[in-house]
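The lines below spell out each chain.
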Amino acid sequence: MPLGRDSASVVAAIGTLLDGLDRAPLPTSGGRRLTQSLGTTGVSAALYSEQAWPTLAQGLAEAVRQHDGTTLLTLADLQNGREDDGRYSNLSAANTAITCADTPDRYTVQDVRRVLPKFRNASPVFGPSMAWSMLQCTGWPVRGDAAAQRVAAPGAAPILVVGNTGDPATPYAWAPALVKEIGKSAALLTLKGQGHGAYDTNDACVRAAVDAYLLDGRVPADGTTCG
């Protein structure tokens, strides 16, 4: 095992690897370097689907044993929408525009430094990058509006909210919180699974419930659990 034999040692080893990339990016087969930002993105990208976990394990082993960042860079490029010719999709730009339109919050470097220890304590691997991402909208030329965050829907037709307990990108806690904000018209469907989202995990229970809701208007009982 190149990273450790228990979860704590593995997390520590990945954190050490990513910290080291800030000082010494790794070479890759294509001539580009795996920087700290790209390494972190590569690790997070593979967590979106359980099928990608073996590729992540391969990439981490290559980085630690062979000092080769090729596989992690490939994962990062997929996440960032980078094409073979070096062009990028507008995914990241669109996400930034939408995020900054939906919030008036504009943080400073001092704000980040103040909360950085708390972020790092919560996640040695992703905490620092998540903290610095607070600057995403700093300097954005259009003021955001928090109105889109109000989602109460009294009297609406039944709304199905689906949450995955093992979602690495959208915390499960947001799902029941959303149901509470929507109100009585919302029902919660929970998947005890892994990966980003629930329907595309191919869980038969989730697929049946969501298909019945979308195609036939049948809403599962609030609190239904799959997996």
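Residues numbered from 1 in each chain as written. Predicted model: local features only at pLDDT ≥ 70, side-chain atom pairs only at ≥ 80, totals over all residues. Heavy atoms only, no water.

Student: Mind showing me how you'd approach the environment of Gly163 here?
Tutor: Note that Gly163 resides in strand β3 (residues 159-164). Residue classification places Gly163 among the buried residues on the basis of a relative accessible area of 5%. Counting along the chain gives 39 residues from Gly163 to Pro124, while the straight-line C-alpha distance between them is 25 Å. (Helix = DSSP H or I, 4+ residues; strand = E, 2+ residues; numbered from the N terminus. Buried < 20%, exposed > 50% of the residue type's maximum accessible area, 1.4 Å probe, protein only.)

Student: What am I meant to see in the nonpolar core here?
Tutor: Here is a general trend for soluble globular proteins: nonpolar side chains tend to be buried in one another's company. Formed by 19 residues in total, the largest nonpolar core has its most connected members in Ile14, Leu34, Leu56, Leu60 and Leu72. At the level of secondary structure, the elements contributing two or more residues to this core comprise α1 (7-23), α2 (36-46), α3 (53-66) and α4 (70-80). Excluding residues that lie within four positions of it along the chain, Leu60 makes contacts with Leu3, Ile14, Leu17, Val43 and Leu72. Ranked by size, the runner-up nonpolar core spans eight residues in total, among them Leu160, Leu189, Leu191 and Cys226. (Core = buried A, V, L, I, M, F, W, Y, C linked by side-chain atoms within 4.5 Å. Contact = heavy atoms within 4.5 Å.)

Student: Would you mind going over the state of the cysteines with me for this structure?
Tutor: Between two cysteines, a covalent bond joining their sulfur atoms is known as a disulfide. A full pass over the atoms with the stated rule returns two disulfides. Disulfide partner of Cys100: Cys137, at an S-S distance of 2.1 Å. Linking Cys100 and Cys137, the disulfide has an S-S dihedral of approximately -95° and is accordingly described as left-handed. Placement of Cys100 in helix α5 (residues 91-101) and of Cys137 in the loop between α7 (127-132) and β3 is noted, with a sequence separation of 37 residues between them. Just as Cys100 is buried, Cys137 falls in that class too. Paired by a disulfide, Cys205 and Cys226 hold their sulfur atoms 1.9 Å apart. Given an S-S torsion of about -55°, the disulfide between Cys205 and Cys226 has left-handed geometry. Here Cys205, found in helix α9 (residues 204-216), pairs with Cys226, found in strand β5 (residues 224-226); they are 21 residues apart in sequence, far enough to count as distant. On the basis of relative accessibility, which here comes to 34%, the residue Cys205 falls in the partly exposed class. Residue Cys226 is classed as buried on the basis of its relative accessible area, which comes to 1%. Disulfides within the protein link the bonded cysteines, taken in sequence order, as 1-2, 3-4. (Disulfide = S-S within 2.5 Å.)

Student: Quick question: what am I supposed to make of the packing of α1 against α2 here?
Tutor: For any two helices packed against each other, one specifies the inter-axial angle together with the distance between the axes. One can describe the packing of α1 onto α2 by two numbers: an axis separation of 8 Å at closest approach and a directional angle of 150°. What the angle tells us is that α1 and α2 run roughly antiparallel. In contact with Leu18, Asp19, Leu21 and Asp22 of α1, α2 contributes Gln36, Gly39 and Thr40. Broken down by class, the residue content of the contact of α1 with α2 amounts to two nonpolar, three polar and two charged. (Axes fitted to C-alpha atoms, helices over the stretch in contact; angles between N-to-C directions. Parallel < 35°, antiparallel > 145°, perpendicular 65-115°, else oblique. Nonpolar A, V, L, I, M, F, W, Y, C, P; charged D, E, K, R; others polar.)

Student: In this structure, what is going on with the pattern of salt bridges? I would like to understand it.
Tutor: Two side chains with opposite charge may pair up if their charged atoms get near one another. Going through the model one piece at a time under the given rule, you end up with five salt bridges. Here Asp200 ties to Arg207 by a salt bridge, and the two come within 3.6 Å at their closest N and O atoms. According to the relative accessible area criterion, Asp200 is exposed, its value standing at 63%. Among the residues examined, Arg207 registers a relative accessible area of 26% and is labelled partly exposed. (Salt bridge = Lys/Arg side-chain N within 4 Å of Asp/Glu carboxyl O.)

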